[in-house]
Amino acid sequence: QVQLVESGGGLVQAGGSLRLSCAASGSIFSINAMGWYRQAPGKQRELVATITSGRKTNYDDSVKGRFTISRDNAKNTVYLQMNSLKPEDTAVYYCKAEGVVTSRAYLAEVWGQGTLVTVSS
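Residues numbered from 1 in each chain as written. Predicted model: local features only at pLDDT ≥ 70, side-chain atom pairs only at ≥ 80, totals over all residues. Heavy atoms only, no water.

## With respect to the packing of aromatic side chains
Just so we agree on the cut-off: Each pair of aromatic rings taken from Phe, Tyr and Trp, with Trp reduced to its six-membered ring, is defined by centres within 6.5 Å and is described as stacked if the planes are under 30 degrees apart, edge-to-face if over 60, and tilted in the remaining cases. Numbered from the N terminus, helices here are DSSP runs of H or I no shorter than four residues, and strands are runs of E no shorter than two. Only protein chains enter the area calculation, which uses a 1.4 Å probe; residues under 20% of their type maximum are buried, those over 50% are exposed, and those in between are partly exposed.
One pass over the full model with this rule turns up two aromatic pairs. Ring geometry for tyrosine 37 and tryptophan 111: centres 5.1 Å apart, planes at 65 degrees, overall edge-to-face. Placement of the pair is tyrosine 37 in strand β4 (residues 28-39) and tryptophan 111 in strand β10 (residues 106-111), with a sequence separation of 74 residues. Assessed through its relative accessible area of 13%, tyrosine 37 is described here as buried. Accessibility expressed as a relative area gives 30% for tryptophan 111, which makes it partly exposed. A centroid spacing of 6.5 Å and a plane angle of 85 degrees characterise the contact between tyrosine 94 and tryptophan 111, whose relative ring orientation is edge-to-face. Of this pair, tyrosine 94 sits in strand β9 (residues 91-102) while tryptophan 111 sits in strand β10, placing them 17 residues apart in sequence. When its relative accessible area of 14% is taken as the criterion, tyrosine 94 is described as buried. Through a chain of ring-to-ring contacts, three or more aromatic side chains come together here, namely Tyr37, Tyr94 and Trp111.

Right, dumping it as structure tokens:
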């Protein structure tokens, strides 16, 4: 069984920074892509950033230049450094792993439970 555990969320003032972490646990051989998504109250879940095992990154336009995604393949962990935070960044941030190969199965995608980020004005 594969689990994703996010951490690092919290309350921050506008202009501040937070760093989110997401660690995947289980008998994992490899993970293709990992990413961060967010869901604000009353809105659909949306892509924030993704990173492949080869460290190719993709960002939503709303976070380009402010957020940086990175990963440690050896630790099966993905990070999201969020700078210059805005109130509109307030949301529950979810981690996702795609193409997870374990000792027992191939999992197309696995989601974390989410961590709340609140940016005050």
